[in-house]
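Survey of secondary and tertiary structure
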Amino acid sequence: MSKPKIGIFGMTGCAGEQIVILNCEDELMDILKLLDIRSFHTAMSKNDEKCSLDIAFVEGALVHPEEEISLKEIRKRSRLLIALGTCAVWGGVAAMKNEVSRQRLKDIVYGSPGRIFKSIPAQPLHSLVKVDFSISGCPIEKEQFLQAVASLVHGDIPVLPKYAVCTECKINENTCLLLEKSELCLGPITIAGCNARCANCGIPCSGCRGPVEEANIASEVEILEERGFTLRDIYNQLRTFAGPAEAIQTHLAKR
Amino acid sequence: MSEKDIFIDYLARVEGETAIKINIKGNKPQELKLNIFEPPRFFEGFLVGRKYYEVPDIVSRICGICPVSHMTTALRAIEKAMGINPSQQTRILRRLMALSQMVSSHLIHLYMLAMPDYHGYSGAQEMLPEFAEELSRLMRMKKVMNDLTAAIGGRASHPVSAVVNGFTDLPSSQELERRQRDLEKIETDAVKTVRMVSEFSIPDFCRKTEYVALKAANRYAMIEGNIVSSAGLEIPEQDYDKYFEEQEVSYSMAKRARVKDRNSLMVGALARLNLKFDQLPPSVKKLAKEVGFKLPDYNPFHNNLAQSLEIFYGIQECRQILENLKLSLENNNYRVRAGEGAAFSEAPRGLLYHRYTINARGVIEKANIVTPTVHNFANIEEDLHHLVIQNSDLPTAKIALLCEMLVRAYDPCFSCSVH
């Protein structure tokens, strides 16, 4: 079997997923032998920008029109396109204030009268192209990435948990930060895979992995309101990592 | 007059997106631009209106390589704004995290981003199998350092347990012992790393500049200290805005920072070593001498060697801290107050600055972040200018490669620089 041709690409983000890949210390040498990496700008200077790819891993969100063009090109040349990390899957932190005009943000950051340059509200990859598989997380968990690579090189689509962080947290027998400590915890509506990393350290889930399928956002908001949180604080937290997610947008539109 | 054009449309083996554009007429660059085109995410914009305790978690997402630095610097700025003095234990744990992250970051840069240039390779995958031993060493060392960051922060990148005035969770003493034993195992690897980097054929280039770093009286400062420079600046961190300024650059998404009315400056490993060499332990000084590191060193390519020496130092320092560390649960309570706070840290790439204005309800009213690459921006362009003049006789491709290597030697982070 010939080695699968791989590309690792970044839209706008912190390069955190690429770092997680490099942090697979026990496996990286094997991965390098197993895959034919054709494009990985952060780690290689000779990149093939044209060849067809078996798998494209793409991290980061779309915040610039040029990125839309390059993502479409990546899609065209790739058999499978995998969204890596919360920015790619849900829009990530850059999308937390998508309702604020870009000009206003430019004025705050670059000073009045403001710079003129192109910028679009941050969007996840699937808003523009077909995404074959998503691995969320801010950052992704390296085990999920490795599992996914193992499945993909064998021609299978990986299987990731479909339940919420809340379930992992209960299995770990943590004190419930939401119900017992009245903290702003998004564990019940956030997709599992981190083994409740934050709650294990006594930190409420900030929703960095994005919403679980069929997340009951209304019920989560109601529980938080009962505990004295303002809608402003709740919505801010909901939108911190996955603002553009349909479940969140639908809920916000109703209120 | 002969004319040469250098255009690198997307510089590889650095973090983030930048282009280099140089037009040379005769032996002089007529136009020289480091065009940092990484688009902004507007962190300073969307932090406004958020609660102070959300800030560290959010700003750690500025960078996947130095999240500890952004998180810790934000925590300290918020604490200063509210008049909170964190415990000795909290300060030590933050120092450990900063050191372990610095070593990991330097390792990735030296082995994966810088080293291929010195052996004529495109990247790590091409370097296998010839450099399998070196790459295995990299993996071994990086794992130990990432495990240490994760033991304290709950996760190596974007840590979770560091909060205002302390940590929500502490590693067990057994865990700390394991981390200490692991550190012992990689000390020889660190020495090999320094020797390996010292054998790179570093371009002969020298340009005097102003080095700036954080300095404290009794230790090699990573988090707390005064801002000092090789041109005699010495100011407390809250006075930064009085002495420094940020300027917009028409062709770049990142700004440039400099000391008001002065030329460009350099921050990072080489600046730290130049300014704080006397505070390093004898073993590091001895190794530095053995590999020919001499003060003052004005060759920016030697930032690589300085990073390798900091790897050796960082591992030793972490081990020493762990040897005497006894942790106990502390009361992290504090009162929310309005205020303005500024803080610095030495991120792996150099001085990082966060400043926040917080109102009485704990809501952020203003945020400002100045990153190491913003501090280095003007200096990189100055160095490129002189490097081009010095090498203008060479073929265009060779000059271009030298320019790429110079920018990489700074280990820039363009995502950070734009944020």
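Keep in mind that what you see is a predicted model, and the values were worked out from it rather than measured.

**A word on the overall build of chain B**
Counting secondary structure elements, chain B contains 15 helices and 14 strands. In terms of overall size, chain B behaves like a compact globule, its C-alpha atoms giving a radius of gyration of 21 Å where 419 residues would be expected to give roughly 22 Å. For chain B, with 419 residues in total, the buried portion stands at 67%. Put simply, of all contacts in chain B between residues at least 6 apart along the chain, 69% involve residues at least 24 apart. Element-wise, carbon and sulfur atoms account for 47% of the exposed surface of chain B, whose accessible area totals about 14400 Å². When the 52 positive and 52 negative side-chain charges of chain B are each reduced to one mean point, those points stand 3 Å apart.

**Focus: the sheet that holds strand β1 (residues 3-8) of chain B**
Residue and element names in this part refer to chain B. Taken in spatial order, the three strands line up as β1-β2-β3 in an open sheet, and their pairing is antiparallel. Two strands lie at the open edges of the sheet, namely β1 and β3 (28-35), each paired on one side alone. Averaged over all pairs of adjacent strands, the angle between their axes in this sheet comes to 5°, without regard to strand direction. Where strand β2 (residues 19-25) meets β3, seven bridges bridge the pair, whose relative direction is antiparallel. Bridge pairing links N23 to E31 in β3. Helix α13 (residues 372-390) rests against β2 and β3 of the sheet, and its axis sits at about 145° to β3. Helix α14 (residues 396-409) rests against β1, β2 and β3 of the sheet, and its axis sits at about 45° to β1.

**Some remarks on the domain arrangement of chain A**
All names here are of chain A. What the domain assignment reports for chain A is domain 1 (5-153) and domain 2 (165-254). For domain 1 versus domain 2, the separation of C-alpha centres amounts to 25 Å. The interface of domain 1 with domain 2 comprises 17 residues on the first partner and 16 residues on the second. For the pair domain 1 and domain 2, the summed buried surface comes to about 1200 Å²; carbon and sulfur atoms form 51% of the total. Among the residues of domain 1 in contact with domain 2, W90, M96 and E141 are the three that bury the most area, contributing 47% of the side total. Between the two partners, domain 1 and domain 2, sit two salt bridges. For R239, the salt bridge is made with E99, and the minimal N-O distance between the two is 4.0 Å. On the surface where domain 1 and domain 2 come into contact, there are six residue pairs in polar contact (both at pLDDT 80 or more).

**Things to note about helix α7 (residues 173-185) of chain B**
Residue and element names in this part refer to chain B. With 13 residues, α7 should cover 18 Å at 1.5 Å per step; its first-to-last C-alpha distance of 19 Å lies within 8% of that length. Among the residues making up α7, those that are buried are E175, L176, R179, Q180, D182 and L183. Looking straight down α7, one finds its buried side chains confined to an arc of 160°; they lie on one side. Where the residues of α7 are buried, they touch α6 (132-153), α8 (187-198) and α12 (303-323).

**A word on the pairing of strand β13 (residues 350-358) of chain B**
Residues and elements named next belong to chain B. With nine of nine residues buried, β13 lies mostly within the body of the structure. Pairing of strand β12 (residues 339-347) with β13, which is carried by nine bridges, proceeds in the antiparallel orientation. Looking across to β13, one finds that F344 is bridged to Y353. Connecting the antiparallel pair β12 and β13 is a turn made up of two residues. Bridge analysis of β13 against strand β14 (residues 364-370) gives six bridges, and the strand direction is antiparallel. The partner of H354 across the bridge, within β14, is I369. Connecting the antiparallel pair β13 and β14 is a turn made up of five residues, with G362 showing a positive phi of about 80°.

**Considering the packing of helix α10 (residues 269-276) of chain B against α12 of chain B**
Residues and elements named next belong to chain B. Interaxial distance between α10 and α12 falls to 7 Å at its minimum, and their mutual angle equals 70°. Regarding the angle of α10 to α12, the classification is roughly perpendicular. Touching A269, L270, R272 and L273 of α10 are N303, A306, Q307, L309 and E310, all from α12. Classifying every residue of the contact of α10 with α12 by side-chain character gives five nonpolar, two polar and two charged.

**Notes on the layout of surface pockets**
By volume, the largest pocket amounts to about 1100 Å³. Together, 46 residues line the largest pocket, and E183, I203 and P204 of chain A together with V163 and T168 of chain B are the ones closest to its centre. Classifying every residue of the lining of the largest pocket gives 25 nonpolar, 14 polar and seven charged. Within this model, the second largest pocket holds a volume of roughly 890 Å³. Looking at the second largest pocket, it is lined by 35 residues, and the ones nearest its centre are G10, M11 and S70 of chain A together with Y10 and E17 of chain B. Listing elements by their share of the lining of the second largest pocket, those giving two or more residues are β1 (5-10), β2 (36-40) and α3 (65-77) of chain A. Counting residues per element, the lining of the second largest pocket draws most heavily on α3 of chain A, at eight residues.

**Describing the sheet that holds β14 of chain B**
Residues and elements named next belong to chain B. In spatial order, the strands read β12-β13-β14; together these three strands make up an open sheet with antiparallel pairing. Edge positions in the open sheet fall to β12 and β14, since each of these has one partner strand only. Neighbour to neighbour, the strand axes of the sheet diverge by 10° on average, direction disregarded. The sheet contacts of α13 involve β12, β13 and β14, and relative to β13 the element is tilted by about 125°.

The rules behind the values
Per chain, residue numbering runs from 1 following the sequence as it is written. To label them, take the chains in the order written and letter them from A, then take the ligands in the order written and number them from 1. Thresholds applied to this predicted model are a pLDDT of at least 70 for local features of residues and 80 or more for the giving and counting of side-chain atom pairs; totals over whole chains, interfaces and linings are not thresholded and use all residues. Excluding hydrogens and water, the side-chain figures rest on all heavy atoms present in the structure. A run of H or I in DSSP counts as a helix once it spans at least four residues, and a run of E counts as a strand once it spans at least two, with each numbered from the N terminus. Atoms considered for the radius of gyration are the C-alpha atoms alone. The globule rule reads 2.2 Å times the number of residues to the power 0.38. Exposure classes here rest on a 1.4 Å probe applied to the protein chains alone. A residue is buried below 20% of its type maximum, exposed above 50%, and partly exposed in between. Contacts are assigned to residue pairs with any non-hydrogen atoms lying within 4.5 Å of each other. Only the protein chains shown count as cover for residues, with accessible areas throughout obtained via the Shrake-Rupley method and a probe of 1.4 Å. In this count, Lys and Arg are taken as positive residues and Asp and Glu as negative ones, while His and the chain termini are left out. In this description, the location of a charge corresponds to atom NZ of lysine, CZ of arginine, CG of aspartate or CD of glutamate. Strands qualify as paired when DSSP identifies two bridges or more between them. A fitted line through C-alpha atoms represents every axis, and for helices the fit uses only the stretch in contact; the resulting angles, taken between N-to-C directions, go from 0 to 180 degrees. For the domains described, the bounds stem from an automatic or database domain assignment. Accessible area that two parts lose when put together, evaluated with a 1.4 Å probe and summed over both, is termed the buried area. One side-chain nitrogen of Lys or Arg within 4 Å of one carboxyl oxygen of Asp or Glu is enough to make a salt bridge. In the analysis that follows, any N or O atom pair within 3.5 Å is treated as a polar contact, provided that within protein one partner can donate a hydrogen and the other can accept it, and provided that, for residues neighboring in sequence, both atoms belong to side chains. Given the number of residues in a helix, its expected span is that number minus one, multiplied by 1.5 Å. Picture the helix axis, draw a direction to every C-beta atom, and the arc is the one those directions span. Roughly parallel refers to an angle under 35 degrees, roughly antiparallel to one over 145, roughly perpendicular to one between 65 and 115, and oblique to any angle outside these ranges. Each residue gets one label: Ala, Val, Leu, Ile, Met, Phe, Trp, Tyr, Cys and Pro are nonpolar, Asp, Glu, Lys and Arg are charged, and the others, such as Gly, are polar. Points on a 1 Å grid, built from protein atoms alone, make a cavity when a 1.4 Å probe fits but cannot get out and make a pocket when they are open with protein on both sides within 12 Å along at least 5 of 7 lines; residues with an atom within 4 Å of a point are the lining residues. Grid points are joined across faces, edges and corners, and a volume is the space filled by probe spheres set on the points.

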